[in-house]
Amino acid sequence: EGGEMSHGDPLNHLPSKVRAERDAKLNKAVVTDPVIYTNIVHNILENKCISCHGEDKQKGDLRMDSLAAMLEGGSDEICLEPGEPEESFMLISLDLPLDDDMHMPPKAKPQITPEEKIILTWWVEMGAPEDTKLSEVEVPDEVTAAMATLKTPEELEAIKVAKRQQEADRVANMKANRDRLQSSLVTINDKFPGSLRYTSQEDTALTFTTVSYRQSFTEADLDILSEIASDIAELDLSATEISDTGVAKLKGFTNLKTLKLNETKVTDEALNTIVELPSLERLNLYGTMISDSGLQMLHAHPTLVKVYLWNTKVTDAGANALEEALNKRIASEKPKEGDEKDESKVEKSAEVLLGIPSEPAK
């Protein structure tokens, strides 16, 4: 207390604009009885619709930033027909196929959640009132549950800020990684022009290919990749002189997803190293000496999805056994009901191909 009496509240010395913003946040009224349209419906539309149908942009000549604008509609469809959800295109568009040009929001935009749709439909069904408060109507249990999932405008803004920061961090990290990799790119491409590049413009993962060198590329040449082994996602050593000894040098390629060893000298012995590559998804072994007995080592691989085995010693039974084992693992990884959906594990199945591959181990 003495400090405050002598020097006053130090927060009073903040710049006036900062102090005003601080006071506004502290004094902001808590909405205990929200107006359904203003405090609930409009917030949903603000987050999902108004960026394309607001003051700055009006796709289809439609604005959705006010009730009056929605009632007026756009150039093509009736946006809002109070009391008639099946006649209100703002709801109809939500059920159109995602690839349909009329589906809203557009495919690339954040979509209306099932809970938000429940609330919007309920509001339209009751006549789309503008000033009605939540306490003035009977709220179905389904709507109450849906409202419990909504985020406040402040929470939504915090999410947007976090996403912007995440993107800024991603770009900064990408630049730092590319700076780190620059000398290796120069050194390796000086010796093997065009062999090393980034997998995409938006990534720092690398792809290395010997397609222009084939039999002139030796196992000793693999040493040039040692410093960037963990940065390589795709490695094409097809039709080179690589053997089991060369494959043993790949132990440090911890982020390798695609490995092409087709038409090389590898045998079952190489699979002792390959099975230890923790991120491997695609493996091309066609035209090698791989057999059923060696292939069994891959049955328990944690990430493998596609294997090419044309013109090897592998039989139909061996290929089928591997495919069955990989699919059993994939099935065990699929999210159970109620679990968070992992897109990387949905609708995926393994393939072990003995026929001539049309697109070898992409």
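The numbers attached to residues start from 1 for each chain and follow its sequence in the written order. Side-chain atom pairs in this predicted model are given and counted only at pLDDT of 80 or more, local residue features only at pLDDT of at least 70, and totals for whole chains, interfaces and linings cover all residues. The basis for every side-chain value is the complete set of non-hydrogen atoms in the structure, without hydrogens or water.

## Some remarks on the overall build of the chain
- Of the regular secondary structure elements, the chain holds 12 helices and seven strands.
- For the chain, the proportion of its 362 residues judged to be buried stands at 36%.
- Every residue pair with non-hydrogen atoms within 4.5 Å of one another is taken to be in contact. Long-range pairs, those at least 24 residues apart, make up 54% of the contacts in the chain between residues at least 6 apart in sequence.
- Throughout, the Shrake-Rupley method with a 1.4 Å probe supplies accessible areas, and for residues the shown protein chains are the sole cover considered. Accessible area for the chain stands at about 21,200 Å²; split by element, carbon and sulfur atoms hold 50% of it. The helix count covers DSSP runs of H or I at least four residues long, the strand count covers runs of E at least two residues long, and both are numbered beginning at the N terminus. For every residue, the accessible area (1.4 Å probe, protein chains only) is compared with the maximum for its type, and the residue is labelled buried under 20%, exposed over 50%, or partly exposed between those bounds.

## A few points about the packing of aromatic side chains
- Ring pairs shown here join Phe, Tyr and Trp side chains whose ring centres sit within 6.5 Å, with only the six-membered ring taken for Trp; geometry is labelled stacked below 30 degrees between planes, edge-to-face above 60, and tilted in between. Following the criterion strictly, the structure yields five aromatic pairs and no others.
- Look at Tyr286 and Trp310: their rings are 5.4 Å apart centre to centre, the planes differ by 45 degrees, and that puts the pair in the tilted class. Note that Tyr286 is positioned in the loop between strand E5 (282–284) and helix H11 (292–295) and Trp310 in the loop between strand E6 (306–308) and helix H12 (316–333), a separation of 24 residues in sequence.
- Ring pairing ties together the aromatic residues Phe192, Phe208, Tyr213 and Phe217, which thus form one cluster.
- Above the ring of Tyr198, the side-chain terminus of Arg178 is found at 3.7 Å from the ring centroid. Each ring is checked for a lysine NZ or an arginine CZ that lies within 6 Å of its centre and within 35 degrees of its normal; such an atom marks a charge sitting over the ring.

## Re the side chain of His53
- One can find His53 in the loop between helix H3 (36–48) and helix H4 (67–72).
- Within polar-contact distance, the side chain of His53 engages the backbone oxygen of Leu62 at 3.1 Å.
- Not counting the four nearest positions on each side in its chain, His53 is found in contact with Gln58, Lys59, Leu62, Arg63, Met64 and Asp65. Polar contacts, as counted here, are pairs of nitrogen or oxygen atoms within 3.5 Å of one another; within protein the pair requires one atom able to donate a hydrogen and one able to accept it, and residues that are adjacent in sequence qualify only if both atoms are side-chain atoms.

## Describing helix H6 (residues 114–125)
- Expected span of a helix, by definition, is 1.5 Å for each gap between consecutive residues, and there is one gap fewer than residues. Taking 1.5 Å as the rise per residue, H6 with 12 residues should run 16 Å; its terminal C-alpha atoms sit 16 Å apart, in good agreement.
- Those residues of H6 that fall on the buried side of the exposure criterion are Glu116, Ile119, Leu120, Thr121, Trp122, Trp123 and Val124.
- Along its buried surface, H6 packs onto H3, H4, helix H5 (89–92) and helix H7 (141–147).

## A closer look at the side chain of Thr273
- Tracing the sequence through the fold places Thr273 in helix H10 (residues 271–274).
- Relative accessible area serves as the criterion here: at 8%, Thr273 is assigned to the buried category.
- The residues contacting Thr273, other than those within four sequence positions of it, are Val247, Ala248 and Lys251.

## Focus on the pairing of strand E3 (residues 232–236)
- Counted residue by residue, E3 has four buried out of five residues, so it is predominantly covered.
- Sheet topology places strand E2 (residues 206–209) next to E3; four bridges connect them, and they run parallel. From the neighbouring strand, Thr209 faces E3, where its bridge partner is Asp236. Whether two strands pair comes down to DSSP finding at least two bridges between them.

## Some points on the state of the cysteines
- Note on disulfides: each one is a pair of cysteine sulfur atoms within 2.5 Å. Throughout the structure, instances matching the rule amount to zero disulfides.
- No disulfide involves Cys49; its nearest neighbouring cysteine sulfur is the one of Cys79, lying 8.4 Å away.
- On the basis of relative accessible area, Cys49 is assigned to the buried category, the value being 13%.

## Thoughts on the pairing of E2
- Burial of the side chains of E2 extends over both faces: Leu206 and Phe208 are buried on one face and Thr207 and Thr209 on the other.
- Relative to E2, strand E1 (residues 196–198) runs antiparallel, the two being bridged by three bridges. Across the sheet, the residue bridging to Arg197 is Thr207, located in E2.

## Looking at the confidence of the model for the chain
- In the predicted model, the chain carries a mean pLDDT of 87, and the fraction of residues at 70 or more is 86%.
- Confidence of the predictor in every single residue is expressed as pLDDT, which spans 0 to 100. Every residue in residues 1–11 scores below 50 in pLDDT, and together they form five contacts with partners more than four places removed in sequence or on other chains.
- Note on residues 337–347: pLDDT is under 50 here. Beyond four places in sequence and across chains, it has seven contacts.

## A few points about the pattern of salt bridges
- Salt bridges are defined by distance alone: a side-chain nitrogen of Lys or Arg within 4 Å of a carboxyl oxygen of Asp or Glu. Scanning the model with the defined rule gives 15 salt bridges in all.
- A salt bridge links Arg164 to Glu157, with the nearest nitrogen and oxygen atoms 3.5 Å apart.
- The class of Glu157 is partly exposed, set by a relative accessible area of 38%.
- With a shortest N-O distance of 3.0 Å, Glu351 and Lys306 are connected by a salt bridge. Of the two residues, Glu351 is situated in strand E7 (residues 351–353) and Lys306 in strand E6; the sequence distance between them amounts to 45 residues.
- Note on Lys306: relative accessible area 23%, which makes it partly exposed.
- Beyond isolated ion pairs, a larger network of salt bridges with shared partners links Glu167, Arg170 and Glu202.

## What about unusual backbone geometry?
- That bond from Met104 to Pro105 is cis: its omega, -10 degrees, falls within 30 degrees of zero.
- Structurally, Pro105 can be placed in the loop between H5 and H6.
- In this structure, Arg214 is a non-glycine residue whose phi angle is positive, near 45 degrees.
- By secondary structure assignment, the location of Arg214 is in the loop between E2 and E3.

## Description of the sheet that holds E2
- The seven strands lie next to each other as E1-E2-E3-E4-E5-E6-E7, forming an open sheet whose pairing is mixed. Looking at strand neighbours, the two that pair on one side only are E1 and E7, the edges of this open sheet. Neighbour-to-neighbour, the strand axes of this sheet turn through a mean angle of 10 degrees, independent of strand direction.
- Here, axes are lines fitted to C-alpha atoms. For helices the fit covers the stretch in contact, and angles between N-to-C directions go from 0 to 180 degrees. The strands that helix H8 (residues 153–191) touches are E1 and E2; relative to E1, the one it contacts most, it runs at about 150 degrees.

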